[in-house]
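Structural characterization, general
Listed here are the chains, written in short residue letters.
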Amino acid sequence: MGADELTNDAATTAVRRTVIAVALLNLGYFGIEFAVALAIGSVSLFADSVDFLEDASVNLLILVALRWSALARARLGMVLAAVLLVPAFAGLWTAGQKFFTPIVPAPLPLTITGLGALVVNLSCALMLARVRHHHGSLTRAAFLSARNDAFANIAIIAAGLVTASLWHSIWPDLIVGVGIACLNADAAHEVWEAAHEEHKAAKA
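These figures come from a predicted structure and were not determined experimentally. Once a new chain begins, its residue numbering starts again from 1 and follows that chain's sequence as written. At least 70 in pLDDT is required for a residue's local features to be given in this predicted model, at least 80 for side-chain atom pairs to be given and counted, and no such filter applies to totals for whole chains, interfaces and linings, which use all residues. Only heavy atoms go into the side-chain values, all of them from the structure, while hydrogens and water stay out.

On to the overall build of the chain, then. Runs of E in the DSSP output that reach at least two residues are strands. Runs of H or I that reach at least four are helices, and both are numbered from the N terminus. Tallying secondary structure elements over the chain gives seven helices and zero strands in all. Counting from the amino terminus, helix and strand elements in the chain follow one another as α-α-α-α-α-α-α. Only protein chains enter the accessibility calculation, which uses a 1.4 Å probe. A residue is then buried if its area is under 20% of the maximum for its type, exposed if over 50%, and partly exposed in between. Taking all 204 residues of the chain together, 48% fall into the buried category. The contact criterion used throughout is that any non-hydrogen atoms of two residues lie within 4.5 Å. When contacts within the chain are restricted to residue pairs at least 6 apart in sequence, long-range pairs at least 24 apart make up 83% of them. In this count, Lys and Arg are taken as positive residues and Asp and Glu as negative ones, while His and the chain termini are left out. Every charge is mapped to an atom, namely NZ of Lys, CZ of Arg, CG of Asp or CD of Glu. Between the mean site of the 12 positive side-chain charges and the mean site of the 15 negative ones, the chain shows a separation of 6 Å.

Set out below in structure tokens:
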């Protein structure tokens, strides 16, 4: 067994441990954020909670695919790009429903829950940053999703503060919810491009 093979085995072990930890963190906070989103009628928290569930699914799929061939992993990367669109569509659908029930979400739970989500996503992003160059578009998808989620959480916190102090309206929450959807769509496009290039290289 050569040095390169040992290095690859060590990298795979590191990725496996990381994606398991990230999947569990995302699954746990999904339940918290989803419950708060329903309780206060928040579009941005609902979109972000679906994103937590999607992140858990992405990391579990990566765990399954770690020993697959480069071609199979590239194909899964394309599937993950489509999975990244799920929270985007869910967020837009919820935003549309908000026009029929224009209830302003309670700013304090919105802000606190967004802060908790930020802590979780920053932790996940830091863990994934260490392994994002291994296994191509798979770990790239997980890292981009966690990074984008952290940006989204900062926006959720800002929406809660604006709603509490400056603009008591559905719009801060609604704008952030639509922004999260757009951010996920952009990440899906980036992962698709990376996976498509890997697919071509694997078939060459």
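Next comes the rest of the account.
Further remarks concern the pattern of salt bridges. Definition used for salt bridges: Asp or Glu carboxyl oxygen within 4 Å of a side-chain nitrogen of Lys or Arg. Scanning all chains against the criterion turns up one salt bridge. Among the salt bridges present, the one from Lys200 reaches Glu197, with a minimum N-O distance of 3.4 Å. Here Glu197 and Lys200 lie together in helix α7 (residues 171-203), a separation of three residues that amounts to about one turn. Classification of Lys200 by relative accessible area gives partly exposed; the value is 46%. Among the residues examined, Glu197 registers a relative accessible area of 43% and is labelled partly exposed.

Here we come to a nonpolar patch on the surface. Together, Phe99, Phe100, Leu166, Trp167, Trp171 and Ile175 line one region of the surface with nonpolar side chains, adding up to about 750 Å² of accessible area. Of note, Ile175 is situated in helix α7. The patches reported here contain residues having more than 30% relative accessible area and no salt bridge. Joining distances are 9 Å for like charges and 5 Å for nonpolar side chains (Val, Leu, Ile, Met, Phe, Trp, Tyr). Only the protein chains shown count as cover for residues, and all accessible areas are computed by the Shrake-Rupley method using a 1.4 Å probe.

By nonpolar core is meant a set of buried Ala, Val, Leu, Ile, Met, Phe, Trp, Tyr and Cys residues that side-chain atoms within 4.5 Å join together. Core analysis: the largest hydrophobic core is formed by 29 residues, its most contacted members being Val15, Phe52, Ile62, Leu80, Leu128, Leu138 and Val191. If you tally residues by element for this core, the top one is helix α6 (residues 137-165), at six residues. Beyond its immediate sequence surroundings of up to four residues, Phe52 is in contact with Asn26, Tyr29, Phe30, Glu33, Ala117, Val120 and Asn121. Ranked by size, the runner-up nonpolar core spans 14 residues in total, among them Ala37, Ile40, Ala47 and Ile156.

Once that is clear, we can look at the packing of aromatic side chains. Only Phe, Tyr and Trp rings are paired, with Trp represented by its six-membered ring, and only when their centres lie within 6.5 Å; those with planes under 30 degrees apart are stacked, over 60 edge-to-face, the remainder tilted. Using the criterion set out here, one finds three aromatic pairs in the structure. Taking 5.3 Å as the distance between ring centres and 55° as the angle between the ring planes, the aromatic pair formed by Tyr29 and Phe52 counts as tilted. Taken together, the residues Tyr29 in helix α1 (residues 3-40) and Phe52 in helix α2 (residues 43-65) connect sequence positions 23 residues apart. Residue classification places Tyr29 among the buried positions, given a relative accessible area of 12%. Plain terms: the ring middles of Phe34 and Phe46 are 6.0 Å apart, the flat faces sit at 45° to each other, and that makes the pair tilted. Residue Phe34 is located in helix α1, and its partner Phe46 is located in helix α2; the two are separated by 12 residues in the primary sequence. An aromatic cluster is built from Phe30, Phe34 and Phe46, whose rings are joined through pairwise contacts.

Moving on: the side chain of Asp48. Relative to the elements of secondary structure, Asp48 occurs in helix α2. Buried charge without a partner: Asp48 forms no salt bridge, and the closest opposite charge is Arg147, 13 Å away. When residues no more than four places from it in sequence are discounted, the contact partners of Asp48 are Glu33, Ala117, Asp149, Ala152, Asn153, Ile156 and Ile180.

So, on to the confidence of the model for the chain. pLDDT measures the predictor's confidence residue by residue and takes values from 0 up to 100. Summary statistics for the chain give a mean pLDDT of 82 and a share of 94% for residues scoring 70 or more. Confidence scores differ between elements of the chain, with helix α4 (residues 85-98) showing the lowest mean pLDDT of 75 and helix α5 (residues 107-129) the highest of 93.

On to the environment of Leu66, then. Mapping Leu66 onto the fold places it in the loop between α2 and α3 (70-83). Take Leu66: its relative accessible area is 3%, and that puts it in the buried class. When the C-alpha positions of Leu66 and Leu138 are compared, they lie 8.9 Å apart, and in sequence the two are 72 residues distant.

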